Amino acid sequence: MKYFFLISSGLKRKKIRTGLTILSIMVAFILFGYLTAIRQAFDAGVEVAGVDRLIVRHKVSLIQLLPQNYESKIERVDGVDNAIHSTWFGGIYKEPRNFFAQIPIVPEELFDMYPEYIISDEHKAAWLETRSGVLVGRGLMDRFDWKLGDRIPINATIWGKKDGGRTWEFDLVAIYEGAEKGTDTSQFFIRYDFFDETRANGGGLVGWYTVRVSDPDKAAEVAAAIDAEFANSAHETKAEAEGAFIQGFANQIGNIYFIIMSIMSAVFFTILLVAGNTMAYTVRERTNELAVLKAIGFTDRGVLGLVLGESLVLTIIGGTLGLGLAWFLVSMGDPTQGSFPVFYLPVRDVFIGLGLIIAMAFVAGIIPALQAQKLQIADALRR
Amino acid sequence: MFNWFSQIVAVTHFSMRSLPQRAGSSVTAMLGITGVVAVMVGVLSIAQGVLRTMESSVGDNNAIVLRSGSDTEMMSGLAGEDTRIIAEAPGIARDETGVLASPELFVIINLPMLTTGTDANVPLRGVQTQAMSVRSSFRLVEGRMFEWGLNEVIVGTGAQGQFAGLGLGASIEVGQEKWLVVGVFEAGGGLAESEIWVDAAVLQPAFRRGNSYQAVYVKLESSDAFDEFKEALTSDPRLNVKPMREAEYYASQSTVVYNMITGLGTLIAVIMGMGAVFGALNTMYTAVSSRNREIATLRALGFRAGPIVISVVSESLLLAFAGGLIGAGLAWLAFDGFLTSTLNWASFSAITFAFDVNAKLLAQGIMFAMLIGLVGGLFPAIRAARQPVAQALREL
């Protein structure tokens, strides 16, 4: 405890310098927290992807459709538990920048395939009763302030209606929540039967299949078996694990991970340099005082501990302030207003941040601390 | 007045010459600014690169016609008959080959990326003979043009650089068929360089599109001819189309990606900038406090406060400028021209682009650095000039 008094008075010696160093460290950690949240937004889809799920799409191109009768054929493949189809509706709600995924799907199949979508029994029944009903995620509801019972008009750019119109109207009768923080709750599910009977063309064709395998370890084999089933047919397929499929999209957006890690490293290195320099300067300035402390009986180890302790206090204050502010900033919402399906700071990364704080304290303070430890009293007193 | 001025020169000269004594902290401050500027320029060059690709080489007299209600080629659909009607509209330029109107089909095909090996959505465009003439910056750089009616394609330089299997002589698998890559083209750095082109008549049956297209690209007689052209098409009862200037079309396509990158980039730059200001302030305060006695001596000798403030600020500005220059230079060396690709949300396909570190960005980076230097030097300078002389002289 006596050390604490010495540390705090050492820091209070040059208040402005201490304050500024804490502020620089704080900024480094705000950036750390925010960038981690951004990286998580890109990775989230991959993390929550079902390990026992495959995506089967048209081999030539994602935009090509597959026949609906493939479903029973896929289910007959060894190792397949259940297969369901989904299609891309691709409509516009009011204006193009209000982009969100609209997907025609068979309700009972959705309930079976995606246990991470939590829906109340009441809502399930409501959706099964209303042909034009839609199941909407909580995130999407909040984004547009929709209420249960709203009529949502969507302008279909791809699918014209049999009566010639392009505006489809849906009734919001069911809501789903995500089981985990990373679950995507920004989707809009339409009933497939309503979609199929109303669309002017493309009858009997669907976008892709989601398949659940009974043994996740055999996923790759089952995927190969599915592709073999349709090889050389009019519509060849490509089956892959759901996580890999989503990762493929993330990879297209760019090697975000690499860019973010580079920025973080650059920032940390710079801040470390500044903090370390400040610490070193402080020790040089106080050579005399440290020598006096040694003269009155503080051990070499004690002085080492003193300098490291100052470094630690500085970085802890700055780091925790930074992480706290980052948490606050992240909770203010997605900076891109809707491009990210989820946006939050994972607790795991907060712990990594805390670890980094300690590491930074050590790296910045170790050299000055060792210098202080080695001070020869007589020499130092003369300076 | 002259006295004041010569004081400034003297003190500044003096402090510059004593700079080597403070080499350690000066270099640190400089490096801090270098880091910030390099990262800021790097991140913003991504947005510049995307912008450049999307807007480049689109002349004022180029227009595109989509189906009414569509915002992108991908979502649009035009019957073959409609494209013939559109080609008869007034205002379209002609040359010896005929009317410069090009009906085109736009689909995506999956090919692995060279960097990660995972699949990307690569744009595949079905064209007719006019496509090359409508785009004035089109140039074949390797190989030859494909033969009409055959399973041959040409690829853009950007596409070739990002996706696997597009070398000259390679074949891409499309369903049961193999399409041969016979040529490589450039298009003035524009979006077309991320695409693969093939004869529309070959693409339509491969993707089961019948006789339909998605867009008609036209080259107008002049920029003013657009209004007449648009009027004729929108008032034609046989058609239900949306003519746009090509530049406008690209602007609307790029908005999402550009806004996202610029928004994120600016946010990161601002936060880093704040960090840099604190770091610079810290270093300058430390630098000044190490010279306290020196400064106090100067003041005791009779130098006024003003020149001292100016000398400290100019030292800070010099360091910031040097740091900014190095940072901008590093960013330019490391990032300019770096080829990569991202996802164009509007068309759901990949666009290849190069990081673009242009003069405007470099200037912005250095300005930013100077701003940091100014703020970082001002407060310590004022503080140094205000301290009571006797007290400062006594300080260690």
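Please read these numbers as outputs of a predicted model, since none were measured by experiment. (Residues numbered from 1 in each chain as written. Chains lettered and ligands numbered in written order. Predicted model: local features only at pLDDT ≥ 70, side-chain atom pairs only at ≥ 80, totals over all residues.)

Caption draft 1: Representation of the overall build of chain B. Looking only at helices and strands, chain B has 12 helices and 16 strands in total. Its C-alpha atoms give chain B principal-axis dimensions of roughly 95 × 45 × 35 Å. Going through the 396 residues of chain B one by one, you find that 51% of them count as buried. The contacts of chain B with a sequence gap of at least 6 include a subset with a gap of at least 24, amounting to 84%. (Helix = DSSP H or I, 4+ residues; strand = E, 2+ residues; numbered from the N terminus. Buried ≥ 20, exposed ≤ 12 C-beta atoms within 10 Å, placed from the backbone. Contact = placed C-beta atoms within 7 Å.)

Caption draft 2: Summary view of the overall build of chain A. Assigned secondary structure in chain A consists of 14 helices and 13 strands. On C-alpha atoms alone, chain A measures out to a radius of gyration of 30 Å, which is more than a quarter above the 21 Å that the 2.2 N^0.38 rule sets for 383 residues. Along the longest, intermediate and shortest principal axes, the C-alpha atoms of chain A span 95 × 45 × 35 Å. Looking at the 383 residues of chain A, the share that counts as buried comes to 40%. Long-range contacts, defined as pairs at least 24 residues apart, comprise 82% of the intrachain contacts of chain A with a sequence gap of at least 6. (Rg over C-alpha atoms; globule rule 2.2 N^0.38 Å.)

Caption draft 3: Geometry of the domain arrangement of chain B. Residues and elements named next belong to chain B. For chain B, the domain assignment lists domain 1 (2-55 + 253-394) and domain 2 (69-239). Look at where the C-alpha atoms of domain 1 and domain 2 centre, and you get two points 47 Å apart. Of all elements in the fold, only helix H2 (23-55), strand S15 (339-344) and strand S16 (349-354) reach the threshold of two or more residues within the side of domain 1 that touches domain 2. Ranked by residues supplied to the side of domain 1 that touches domain 2, first place goes to S16 with 4 residues. Looking at side-chain class alone, the side of domain 1 that touches domain 2 contains 6 nonpolar, 6 polar and 1 charged residues. (Domains from an automatic or database assignment. Nonpolar A, V, L, I, M, F, W, Y, C, P; charged D, E, K, R; others polar.)

Caption draft 4: The arrangement of the domain arrangement of chain A in detail. Residue and element names in this part refer to chain A. Assigned domains within chain A: domain 1 (2-46 + 255-382) and domain 2 (48-253). For domain 1 versus domain 2, the separation of C-alpha centres amounts to 47 Å. With 9 residues of domain 1 at the contact, the number on the domain 2 side is 13 residues. With 4 residues, the top contributor of residues to the side of domain 1 that touches domain 2 is helix H2 (residues 15-48).

Caption draft 5: View of the pairing of strand S8 (residues 152-156) of chain B. Residues and elements named next belong to chain B. In terms of burial, S8 is a largely internal element, 5 of the 5 residues being buried. Of the two faces of S8, the one lined by Glu152, Ile154 and Gly156 and the one lined by Val153 and Val155 are each fully buried. Bridge analysis of S8 against strand S10 (residues 177-187) gives 5 bridges, and the strand direction is parallel. Residue valine 153 lies in a different strand from S10, and its bridge partner there is valine 181. (Pairing = 2+ DSSP bridges.)

Caption draft 6: Geometry of the pairing of strand S13 (residues 215-219) of chain B. All names here are of chain B. The element S13 is extensively covered by neighbouring structure, given that 5 of its 5 residues are classed as buried. The two faces of S13 match: Ala215, Tyr217 and Lys219 on one face and Val216 and Val218 on the other face are all buried. Note that strand S5 (residues 101-112) and S13 share 4 bridges and pair antiparallel. Looking at the pairing, alanine 101 lines up with valine 218 of S13.

Caption draft 7: Main features of helix H9 (residues 242-253) of chain A. Its 12 residues give H9 of chain A an end-to-end C-alpha distance of 17 Å, which sits within 8% of 16 Å, the value for a rise of 1.5 Å per residue. Listed as buried for H9 of chain A are Glu242, Phe245, Ile246, Gly248, Ala250, Asn251 and Gln252 of chain A. (Expected span 1.5 Å × (residues − 1).)

Caption draft 8: Geometry of the interface of chain A and chain B. Across the boundary between the two partners, chain A contributes 46 residues, which contact 47 residues of chain B. In terms of residue class, the side of chain A that touches chain B is made up of 24 nonpolar, 18 polar and 4 charged.

Caption draft 9: Representation of the packing of helix H8 (residues 246-290) of chain B against helix H11 (residues 359-386) of chain B. Residues and elements named next belong to chain B. At a minimum axis separation of 8 Å, H8 and H11 run at an interaxial angle of 35 degrees. The handedness of the crossing between H8 and H11 comes out as right-handed. Counting all contacts with H8, which are made through Gly273, Ala276, Val277, Ala280, Leu281, Met284, Tyr285 and Val288, the residues of H11 involved are Phe368, Ile372, Gly373, Val375, Gly376, Gly377, Phe379, Pro380 and Ala384. Residues that form the contact of H8 with H11 fall into these classes: 13 nonpolar, 4 polar and no charged. (Axes fitted to C-alpha atoms, helices over the stretch in contact; angles between N-to-C directions. Left-handed = near helix turned anticlockwise from the far one by under 90°.)

Caption draft 10: Highlighting unusual backbone geometry. Residues and elements named next belong to chain A. Despite not being glycine, aspartate 145 has its phi angle at roughly 60 degrees, a positive value. Assignment of secondary structure puts aspartate 145 in the loop between helix H6 (138-144) and strand S8 (151-156). Even without being a glycine, asparagine 232 presents a positive backbone phi close to 65 degrees. Inspection of the secondary structure assignment puts asparagine 232 in the loop between helix H8 (219-229) and strand S13 (237-241).

Caption draft 11: Structural view of the environment of valine 182 of chain B. Residue and element names in this part refer to chain B. Its location among the elements puts valine 182 in strand S10. For valine 182, a count of 19 C-beta atoms within 10 Å translates into the label partly exposed. Residues valine 182 and phenylalanine 338 lie 156 residues apart in sequence; the distance between their C-alpha atoms is 26 Å. Among residues more than four places away in sequence, those in contact with valine 182 are Gly143, Arg144, Phe146, Glu152 and Ile154.

Caption draft 12: Local environment of the environment of leucine 325 of chain A. Residues and elements named next belong to chain A. Mapped onto the fold, leucine 325 is located in helix H12 (residues 300-331). A residue is classified by how many C-beta atoms lie within 10 Å of it, and leucine 325, with 16 of them, is partly exposed. The residues contacting leucine 325, other than those within four sequence positions of it, are Met26 and Ile30.

Caption draft 13: Main features of the packing of H2 of chain B against H11 of chain B. Residues and elements named next belong to chain B. Packing of H2 against H11 brings their axes to within 10 Å, and their N-to-C directions diverge by 150 degrees. Note on packing geometry: the crossing formed by H2 with H11 is right-handed. Only Leu361, Leu362, Gly365, Phe368, Ala369 and Ile372 of H11 make contact with H2, whose side of the interface consists of Ile33, Val37, Met40, Val41, Leu44, Ser45 and Gln48. For the contact of H2 with H11, the per-class residue count stands at 10 nonpolar, 3 polar and no charged.

Caption draft 14: Representation of the confidence of the model for chain B. When pLDDT is averaged along chain B, the result is 84; 98% of the residues meet or exceed 70. What the predictor reports for the complex is a pTM of 0.75 with an ipTM of 0.72. (pLDDT = per-residue confidence, 0-100.)

Caption draft 15: Layout of the confidence of the model for chain A. This prediction gives chain A a mean pLDDT of 86; 97% of its residues lie at or above 70. Across chain A, the element-wise mean pLDDT spans from 75 in helix H10 (residues 256-285) of chain A up to 94 in strand S10 (residues 188-191) of chain A.

Caption draft 16: Molecular detail of the environment of alanine 215 of chain B. All names here are of chain B. Relative to the assigned elements, alanine 215 resides in strand S13. For alanine 215 and glutamine 162, which are 53 residues apart along the polypeptide, the C-alpha to C-alpha distance reads 26 Å. With residues near it in sequence (within four places) discarded, alanine 215 still touches Ile64, Val65, Leu66, Glu73, Ser76, Glu104 and Phe106.

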